[in-house]
Amino acid sequence: MKLYELTIHEALNLLRRREISAVELTQALLDRIVDVDNDIKAYITLLPETALEEARLADERRREGMDGALLGIPLAVKDVICLAGAPTTCGSRILENFIPPYDATVIERLHQAGAVFLGKTNTDEFAMGSSTENSAFFTTHNPWDPSRVPGGSSGGSAAAVSADEALGALGSDTGGSVRQPASLCGIVGLKPTYGRVSRYGLVAFASSLDQIGPLCKDVTDCALLLHVIAGHDARDSTSWHAPVPDYTQALRSEIKGLRIGVPREYFAAGIQPGVETAVRKAIQVLADLGAEIAETSLPHTEYALPTYYLIAPAEASANLARYDGVKYGYAAADAADIWEAYRKTRQHGFGAEVKRRIMLGTYALSAGYYDAYYLKAQKVRTLIKQDFDRAFQQFDVLVGPTSPTVAFKIGEKIADPLQMYLSDIFTLGHNLAGICALSLPCGFCDGLPVGLQISGPAMGEEIVLRVAYAYEQATPWHTYKPALRNLSQNEYQMDKEHRR
Amino acid sequence: MALTREQVKHVAELAKLGLTDEEIEMYCEQLSAILDYFVTLQRLDTDAIPPTATVLPLRNVMRTDEPGSSLSREDALANAPAAVEGYFQVKAILE
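The structure displayed is predicted, hence computed values, not measured ones.

### As for the nonpolar core
Residues and elements named next belong to chain A.
Then, in step 1: Residues Leu70, Ile73, Ile81, Leu110 and Phe126 are the most contacted members of the largest nonpolar core, which totals 174 residues.
Then, in step 2: When sequence neighbours within four positions are dropped, the list of residues in contact with leucine 70 reads Ile8, Leu12, Leu75, Leu110, Ala113, Gly114, Ala115, Leu225 and Val228.
Then, in step 3: Listed in part, the 5 residues of the second largest apolar core include Val149, Leu184, Ala407 and Met420.

What follows is the structure in structure tokens.
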């Protein structure tokens, strides 16, 4: 087995037994990136020098007898999370040259645990999108089929992990942006409960919905990463004070008697038949493992999409008001006065989808429309949350598909925003309700990965990880890797046209 | 509901967002289609339903007021498009 193919927990075992060094492991990942990333285009910024230096320090610490939860583990970070000293672009022209002066709390915690940072991964601009096609720089390609999207917005992180260009990665999930790309790339992605992970240093998109989550090769790695990044942070007043359990203790393959609900709305019209087949088979596996399966209902599911696309753009329009060309970021040079400077900076700095959402959000919040749109959406949000509250009185977890389809073709949905928005139809509700949900591979349809979504109540990460682990242990899907057979093995060259 | 060009221009001005004529045209069409889709929400009777602004069982989060370290002036200005004598430089706002 190649070093870059290891999972985090496998690599930790080898590192702890001194069979490999962090420098060797990091170099293997950097070489792998050289080999495949010209075709995958997962990374916006690579950090080879600092990564090798961090790896060298990790080896030194280990030689001195120290250990860490992730000591010497090379990871990728979605480019909406601040890592001091390296560009954080958010996939946007407006932040193309922005270098954050501080680390996000999650980066600080991963640093303390000994992680190595390989680079920053591609994303739809400001995490707004489901395919990475809204990145201002380039589109990431799905490792299972380069003519298809990796999903989004954390598509760079998902593709990097799927193509063995990182052992694990961080993403952010506002309406499905960790789970949908995890599903489309055949890996595991977790959106923690709102408040479980500090958002300090995550560039804000929709503040009542945003949450940072891990993208990994298997459920065990997901538990390991979550354990490091979870917990209260005084710098994020929306982070929860709840203690952080050792999530790896939840990884038991025993789920006999657990009550699992299957919301019938998640199998509504529009779902690809091959996706439904794979997910139904996965549910049968859970039944065979002794779980009690029953159909249930989340009656307001169909309202999640319009509710989300009022609340998220409204919050985004306020959050993105800070990009004014004064404190940081792109500034238009040729403006007559300050008002023109604002207009031009934002006109040229933002891409089409970001502008669309700023327009939508500003409209929904504007005088005369606030009650009809924004307030109405907040009330429907209550109904959606109550659906989940009721379901979790009856069930330990809910299961269904993560995405209604497998990975779609690049260009297929980009001209039709509503069609693109529909790819998140099964993931939006969890963000509106603030609960946790995970996607893991559960089979293939036309040779492309299908994701099973397992969701739990607020702070229910342990039960979600337990069910996911039991399923994973009973099935082979997490062991399948994309062949990358269409990829060239040329000398690595920085693709100037496609990379910053 | 169809948004007019004037409405789109008004919203863009509220957001301080410059738009080309083609963009105004495009957003007229796309935002109208999206808003039409939102009409589905009006089917729900929500008169007695309280709004949810946040899902957390948290209200005003307080902390003790302790001085801590902050960014140096140099760090704070490092990303500024224009800075003069330790300040952010902006266009004049007074005649």
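### Points about helix H9 (residues 304–319) of chain A
Then, in step 1: Here H9(A) is 16 residues long and its end C-alpha atoms lie 22 Å apart, about the 22 Å a rise of 1.5 Å per residue gives.
Then, in step 2: Of all 16 residues that make up H9(A), 15 are buried, and the element is covered over most of its length.

### Some thoughts on the sheet that holds strand E2 (residues 74–78) of chain A
All names here are of chain A.
Then, in step 1: Ordered in space as E1-E3-E2-E4-E6-E5-E10-E11-E9-E7-E8, the 11 strands form an open sheet in which the pairing is mixed. The two strands at the open ends of the sheet, each matched to only one other strand, are strand E1 (43–46) and strand E8 (292–296). Neighbour-to-neighbour, the strand axes of the sheet open up by a mean angle of 25°, direction not taken into account.
Then, in step 2: Pairing of strand E5 (residues 188–191) with strand E6 (residues 212–216) involves 2 bridges; the strand directions are antiparallel. Paired with glycine 189 across the bridge in E6 is leucine 215.
Then, in step 3: Across the face of the sheet, helix H7 (residues 219–229) comes into contact with E2, strand E4 (168–172), E5, E6 and strand E10 (436–445) while running at roughly 150° to E6.

### Observations regarding the packing of H7(A) against helix H15 (residues 461–474) of chain A
Residue and element names in this part refer to chain A.
Then, in step 1: The N-to-C vectors of H7 and H15 enclose an angle of 155°; their axes lie 9 Å apart at closest approach. Classified by the angle between their axes, H7 and H15 sit roughly antiparallel to one another. Facing H7, whose interface residues are Val219, Thr220, Cys222, Ala223 and Leu226, H15 presents Glu461, Leu465, Ala468, Tyr469 and Glu472.
Then, in step 2: By residue class, the composition of the contact of H7 with H15 is 7 nonpolar, 1 polar and 2 charged.

### Re helix H12 (residues 371–394) of chain A
Then, in step 1: The terminal C-alpha atoms of H12(A), which comprises 24 residues, lie 34 Å apart, in line with the 34 Å expected from a rise of 1.5 Å per residue.
Then, in step 2: Of all the bends found along H12(A), the most pronounced is centred on Ala377(A) and spans about 25°.

### A closer look at unusual backbone geometry
Residue and element names in this part refer to chain A.
Then, in step 1: Put simply, glycine 152 and serine 153 share a cis peptide bond, and its omega is 10°.
Then, in step 2: Here serine 153 shows up in the loop between strand E3 (116–121) and helix H5 (155–162).
Then, in step 3: Positive phi, normally seen in glycine, also occurs at arginine 18, with a value near 60°.
Then, in step 4: Residue position: arginine 18 is located in the loop between helix H1 (8–16) and helix H2 (22–40).
Then, in step 5: One non-glycine residue, aspartate 446, lies in positive phi territory at about 55°.
Then, in step 6: Inspection of the secondary structure assignment puts aspartate 446 in the loop between E10 and strand E11 (448–456).
Then, in step 7: Its relative accessible area of 69% is what places aspartate 446 among the exposed residues.

### What about the packing of H9(A) against helix H11 (residues 352–365) of chain A?
Residue and element names in this part refer to chain A.
Then, in step 1: For the pair H9 and H11, the least separation of the axes is 7 Å and the interaxial angle reads 100°. As far as their axial angle goes, H11 and H9 are roughly perpendicular. Every residue of H11 that contacts H9 at Tyr309, Leu310, Pro313, Ala314 and Ser317 is listed here: Arg357, Ile358, Leu360, Gly361, Thr362, Ala364 and Leu365.
Then, in step 2: For the contact of H9 with H11, the per-class residue count stands at 8 nonpolar, 3 polar and 1 charged.

Rules used throughout
- Residues numbered from 1 in each chain as written.
- Chains lettered and ligands numbered in written order.
- Predicted model: local features only at pLDDT ≥ 70, side-chain atom pairs only at ≥ 80, totals over all residues.
- Heavy atoms only, no water.
- Core = buried A, V, L, I, M, F, W, Y, C linked by side-chain atoms within 4.5 Å.
- Buried < 20%, exposed > 50% of the residue type's maximum accessible area, 1.4 Å probe, protein only.
- Contact = heavy atoms within 4.5 Å.
- Helix = DSSP H or I, 4+ residues; strand = E, 2+ residues; numbered from the N terminus.
- Expected span 1.5 Å × (residues − 1).
- Pairing = 2+ DSSP bridges.
- Axes fitted to C-alpha atoms, helices over the stretch in contact; angles between N-to-C directions.
- Parallel < 35°, antiparallel > 145°, perpendicular 65-115°, else oblique.
- Nonpolar A, V, L, I, M, F, W, Y, C, P; charged D, E, K, R; others polar.
- Bend = angle between axes of the 7 residues up to and from the residue.

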